[in-house]
Amino acid sequence: MTVEFMVLILVLLGLWIDGGLGEQAPYRIHTLFSVECQNYFDWQTVGLMRSFKKSGQPGPITRLLSCTEEEMNKYRGMHLAPTLQVPSMSRHPKTADWYPAINKPAGVVHWLEHSKDAQNVDWVVILDADMIIRGPIIPWELGAEKGKAVAAYYGYLVGCDNILARLHTKHPELCDKVGGLLAMHIDDLRALAPVWLSKTEEVREDKAHWATNITGDIYGKGWISEMYGYSFGAAEVGLRHKINDDLMIYPGYIPREGVQPILLHYGLPFRVGNWSFSKLDHHEDDIVYDCNRLFPEPPYPRQVKVMESDPNKKRSIFLSIECMNTLNEGLLLQHAANGCSKPKWSKYLSFLKSKTFAELTRPKLLKPSSIKLEAAKEQQIIDELDTQHPKIHTVFSTECTRYFDWQTVGLMHSFQLSGQPGNITRLLSCTDEDLKQYKGHDLAPTHYVPSMSRHPLTGDWYPAINKPAAVLHWLNHANIDAEYIVILDADMILRGPITPWEFKAARGRPVSTPYDYLIGCDNELAELHTSHPDACDKVGGVIIMHIEDLKEFAMLWLHKTEEVRADKAHYATNITGDIYSSGWISEMYGYSFGAAELELRHLISREILIYPGYIPETGVKYRVFHYGLEFKVGNWSFDKADWRETDIVNECWAKFPEPPDPSTLDRTDEDNLQRDLLSIECGKTLNEALFLHHKKRNCPDTRLLSNLNSDASTNTVRSRKFGKIDLSKEVRSNPVPVKQSQETAQADKSETPDRHLGSLKFWVILLWALSGFGFVVFIFTVFWGRKFKGAKGKGYRNKRRLPYSGFLDMNGRERRNAESSL
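Residues numbered from 1 in each chain as written. Predicted model: local features only at pLDDT ≥ 70, side-chain atom pairs only at ≥ 80, totals over all residues. Heavy atoms only, no water.

Okay, the overall build of the chain next. The helix and strand inventory of the chain stands at 27 helices and 24 strands. Residue burial in the chain is summarised as follows: out of 822 residues, 50% are buried. When contacts within the chain are restricted to residue pairs at least 6 apart in sequence, those whose partners lie at least 24 apart make up 73%. Total accessible area on the chain is roughly 41300 Å²; 55% of this is exposed by carbon and sulfur atoms. (Helix = DSSP H or I, 4+ residues; strand = E, 2+ residues; numbered from the N terminus. Buried < 20%, exposed > 50% of the residue type's maximum accessible area, 1.4 Å probe, protein only. Contact = heavy atoms within 4.5 Å. Areas by Shrake-Rupley, 256 points an atom, 1.4 Å probe, with all protein chains shown as cover.)

On to the environment of D489, then. Relative to the assigned elements, D489 resides in strand β16 (residues 484–489). Discounting chain neighbours no more than four positions away, the residues touching D489 are F396, L411, K467, Y515, G541 and H626. Within the structure, D489 has its side chain in polar contact with the side chain of K467 (distance 2.6 Å). (Polar contact = N/O pair within 3.5 Å; in protein donor to acceptor, adjacent residues only side chain to side chain.)

Judged by nonpolar contacts, the single largest core of 79 residues is most densely connected at W43, L127 and I137. Residue contributions to this core peak at nine residues, all from helix α10 (residues 311–337). (Core = buried A, V, L, I, M, F, W, Y, C linked by side-chain atoms within 4.5 Å.)

Another point: the sheet that holds strand β18 (residues 511–514). Spatial ordering of the open sheet is given by β15-β14-β13-β16-β19-β18-β20, a layout of seven strands whose pairing is mixed. The sheet terminates laterally at β15 (446–450) and β20 (603–604), the two strands that pair on one side only. Sheet topology note: the strand β14 (residues 423–430)/β15 ladder contains five bridges and is parallel. By the bridge assignment, L428 is partnered in β15 with Y448. Helix-sheet contacts for helix α16 (residues 466–477) involve β13 (392–399), β14, β15, β16 and β19 (539–546), and the interaxial angle to β15 is about 115°. (Pairing = 2+ DSSP bridges. Axes fitted to C-alpha atoms, helices over the stretch in contact; angles between N-to-C directions.)

Another point: the state of the cysteines. Simply put, the disulfide is a covalent bond whose two ends are the sulfur atoms of two cysteines. A full pass over the atoms with the stated rule returns six disulfides. Here C521 is linked by a disulfide to C536, with a sulfur-sulfur distance of 1.9 Å. Its S-S torsion of about -40° marks the bond between C521 and C536 as left-handed, since a negative value means left-handed. With C521 in the loop between β18 and α17 (524–529) and C536 in the loop between α17 and β19, this pair connects stretches of sequence that are 15 residues apart. Residue classification places C521 among the buried positions, given a relative accessible area of 7%. (Disulfide = S-S within 2.5 Å.)

A word on α10. Here α10 spans 38 Å end to end across 27 residues, near enough to the 39 Å set by a 1.5 Å rise per residue. Taken across its 27 residues, α10 has 22 buried, putting it largely inside the fold. Sitting at the head of α10, D310 places a side-chain oxygen 3.1 Å from the backbone nitrogen of N312. Phi turns positive, to about 95°, at G339, one or two residues after α10. (Expected span 1.5 Å × (residues − 1).)

With the rule as written, the count across this model stands at 36 aromatic pairs. Taken together, Y403, F404, W406, Y627, F631, W636, F638, W643 and F656 form an aromatic cluster joined through their ring pairs. In this arrangement the basic side chain of R644 is found over the ring face of Y403, its NZ or CZ atom lying 4.1 Å from the centre. (Phe/Tyr/Trp six-rings, centres within 6.5 Å; stacked < 30°, edge-to-face > 60°. Lys NZ or Arg CZ within 6 Å of the ring centre and 35° of its normal.)

Side chains of D666, D669, E670 and D671 sit close together on the surface and give a patch of like negative charge. You can call E670 partly exposed: its relative accessible area is 45%. (Patch = residues over 30% accessible without salt bridge, like charges linked within 9 Å, V, L, I, M, F, W, Y side chains within 5 Å. Salt bridge = Lys/Arg side-chain N within 4 Å of Asp/Glu carboxyl O. Lys, Arg positive; Asp, Glu negative; His and termini not counted. Charge placed at Lys NZ, Arg CZ, Asp CG, Glu CD.)

A separate point is the confidence of the model for the chain. Of all residues in the chain, 79% attain a pLDDT of 70 or more, and the chain-wide mean is 84. A low-confidence stretch, residues 368–372 (pLDDT under 50), is modelled with five contacts involving residues beyond four sequence positions or located in other chains. Ignoring residues within four places in sequence, the model shows residues 703–759, a span with pLDDT below 50, making 31 contacts including any to other chains. (pLDDT = per-residue confidence, 0-100.)

Attention now goes to the pattern of salt bridges. Counted by the stated rule, this structure contains 33 salt bridges. Residue D516 is joined to R606 by a salt bridge in which the shortest nitrogen-to-oxygen separation is 3.3 Å. Highlighted residues: D516 in the loop between β18 and α17 and R606 in the loop between β20 and β21 (609–610), separated in sequence by 90 residues. Where K684 meets E658, a salt bridge forms, and the shortest distance between an N and an O atom there is 3.9 Å. Of this pair, K684 sits in helix α21 (residues 670–696) while E658 sits in the loop between β24 (636–638) and α21, and the two are 26 residues apart along the sequence. Taking the relative accessible area as the measure of exposure, E658 reaches 38% and is therefore partly exposed. Through salt bridges with shared partners, a single ionic network connects D285, D286, D290 and R293.

The next thing to look at is the pairing of strand β2 (residues 61–67). Counting buried residues in β2 gives seven out of seven residues, a clear majority hidden from the surface. The two faces of β2 match: I61, R63, L65 and C67 on one face and T62, L64 and S66 on the other face are all buried. At this point the chain moves from strand β1 (residues 29–36), through helix α2 (residues 39–55), to the parallel β2, and the crossover so formed is right-handed. Pairing of β2 with strand β3 (residues 83–87), which is carried by five bridges, proceeds in the parallel orientation. (Right-handed = clockwise from strand over helix to strand, strands pointing away.)

Pasting the structure below:
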């Protein structure tokens with residue numbers, strides 16, 4: 001055996017013992033992140049851990065888990081990541097200050113002192129839990145050196161430039177505005193960590209300088225003291241930073257051209273079209289442990305092309321959806337590891353397992369020679385996803401009423417589920433007075449329109465005219481970046497995308513659905529109101545029209561609506577098809593006659609829309625439910641007109657009567673079965689939309705409360721039946737904080753059983769009875785001298801009977817009323 005071979009064997013053996021060929025000394029890396037024992041950090045941990053594994057980040061990772069002993073006894077997530085348990089400093093052991101952010105430096109100090117891993121590492125990467133890693137973070141490739149860490153830029157740390165730095169570090173000139181990503185040598189971290197912790201405590205206690213103009217903290221509450229603790233601590237030990245503003249990006253921000261971020265920091269809310277995400281909305285979310293539940297899916301990559309044409313803005317959107325899709329992918333895998341059953345197939349789950357998603361989220365390499373190559377590969381994938389489809393914008397018209405608000409909730413929910421490309425806008429027609437009282441501003445992206453329900457010239461009350469008026473106003477006042485417009489009614493539920501390319505819409509060739517009852521297209525009504533009656537199409541409901549056609553047409557739609565509405569001589573049913581002969585469908589004729597005037601001929605599709613309650617065509621996948629008419633399934637029915645005045649949107653957990661279970665349907669007639677299944681789907685979708693709306697409004701979970709109240713009421717009734725009220729049970733049924741209810745219960749136990757006699761109502765009744773008693777005594781005294789003996793007997797009976805019996809009567813009646821009202 002040659003000497004060279006022996007040397008090679010020894011080298012390989014040494015590398016294997018030292019931790020593997022992938023981590024050659026002195027370039028051993030360890031990644032840290034800090035969390036607490038909360039659901040909020042558990043789902044963040046799942047996302048970070050998934051991205052850590054996908055990114056190819058070398059070396060181990062450790063979660064610094066700060067928990068109290070009490071929290072640890074209840075904690076479920078020890079299996080989510082390699083973990084070092086750290087004593088919690090959320091409540092400072094000396095000052096009792098509540099400041100959970102201090103756990104980050106405290107956790108790092110604890111790791112350095114107690115972890116064996118800290119003795120076997122050269123470089124440390126420190127991240128926040130709310131991050132997604134897109135590629136390996138190699139400190140020396142980023143330019144880190146001993147004495148010079150690499151960090152992301154936090155420009156809002158203005159305290160580095162003012163009195164705050166001069167107060168808290170001897171070297172304010174060395175204060176760097178950095179945070180987020182930190183990559184440094186282990187020796188630098190050992191010197192920095194204890195000072196980082198002490199400076200955090202120092203800045204946190206300096207309440208005199210918490211003001212926004214001094215710290216940059218928009219809340220002025222000292223919440224970013226830990227960030228200053230880091231910057232001031234680094235300045236104190238002479239640690240400088242190579243600041244890189246291209247490594248980390250907040251989803252929703254636009255990256256610079258040619259820049260490839262390797263960290264997504266979702267600390268701020270971000271939005272893609274009508275979809276949005278804010279981590280704060282999920283502070284108590286136990287989504288990690290709720291089998292097969294994911295965050296709402298963002299738009300698909302193919303939809304991004306329709307939303308945005310600018311390459312860099314498009315890349316920004318791709319970063320946003322990558323962030324959310326990686327979080328959901330992590331949850332999906334974690335649910336499987338938790339032992340959850342296999343989730344039901346869906347288009348979204350299929351996408352998360354697709355080669356397309358795998359390619360979009362492949363590790364991004366940051367070696368200088370590879371950055372442009374990686375960006376080019378990413379752009380190639382995006383280009384491959386892009387089919388040259390035009391942009392779409394969907395609009396629908398409503399008014400400031402409860403009736404339209406619940407319809408809006410239903411339509412918006414279905415829009416999110418349907419995969420409809422592009423954005424959506426609600427055209428909200430309101431008077432100034434209505435707007436002052438209106439509560440539903442946040443129900444949908446909204447364009448506000450002056451109401452024409454009461455016509456400004458004729459005084460005619462006709463709310464349907466708001467539809468063409470609103471479309472015209474939107475066209476004239478909004479910046480619309482779309483080639484095709486899809487117009488819907490509020491009382492619709494989307495079941496799938498409605499696109500111009502699928503239904504062959506073109507310039508001069510809109511697409512719509514049949515309204516066969518518009519018989520006025522065939523008779524004198526069309527001849528009176530359009531110069532091209534032969535071009536009149538019986539259409540409505542769903543409209544797909546090129547933006548240029550709509551711009552030419554919208555004014556005519558409004559004018560023709562006014563014209564037909566004013567033609568009362570031709571309201572008759574046999575002329576219009578309106579069963580009420582009231583001119584109510586004048587707006588529909590306004591559309592058909594206006595389009596005919598421009599000779600816009602429609603492609604009429606019977607495969608887009610269906611009314612619930614109608615028998616569907618076999619094999620047709622309808623894209624829209626239009627629940628404008630009453631529909632029934634057995635004894636259950638739904639008529640939107642019945643809910644015109646009901647405040648379903650603002651009353652917590654309000655909903656419509658649940659439709660029947662599909663399993664109960666008669667299956668002997670296939671046509672009727674399919675009809676009823678569609679009707680049930682429509683009803684369930686509306687209720688699902690309302691449930692999610694109430695959940696988003698943070699309506700309290702009343703299920704547990706109602707059970708407690710039910711138990712308490714039963715016990716109270718039983719105790720009253722036997723002449724005794726157990727007040728401790730009533731106190732526990734109230735939704736008060738645990739500590740307060742315990743103290744109240746203890747107070748109840750310390751008082752006498754007759755404590756209820758001290759109620760305000762009792763004393764009012766007692767005062768009334770005593771007044772009556774005093775009055776009787778007065779009468780008794782007046783007549784004392786006149787009828788001494790007889791009056792004495794009568795007065796004695798009054799004194800012993802009338803006031804006392806009256807007291808019993810009134811008090812008994814009041815108490816019964818009180819009991820019945822509880």
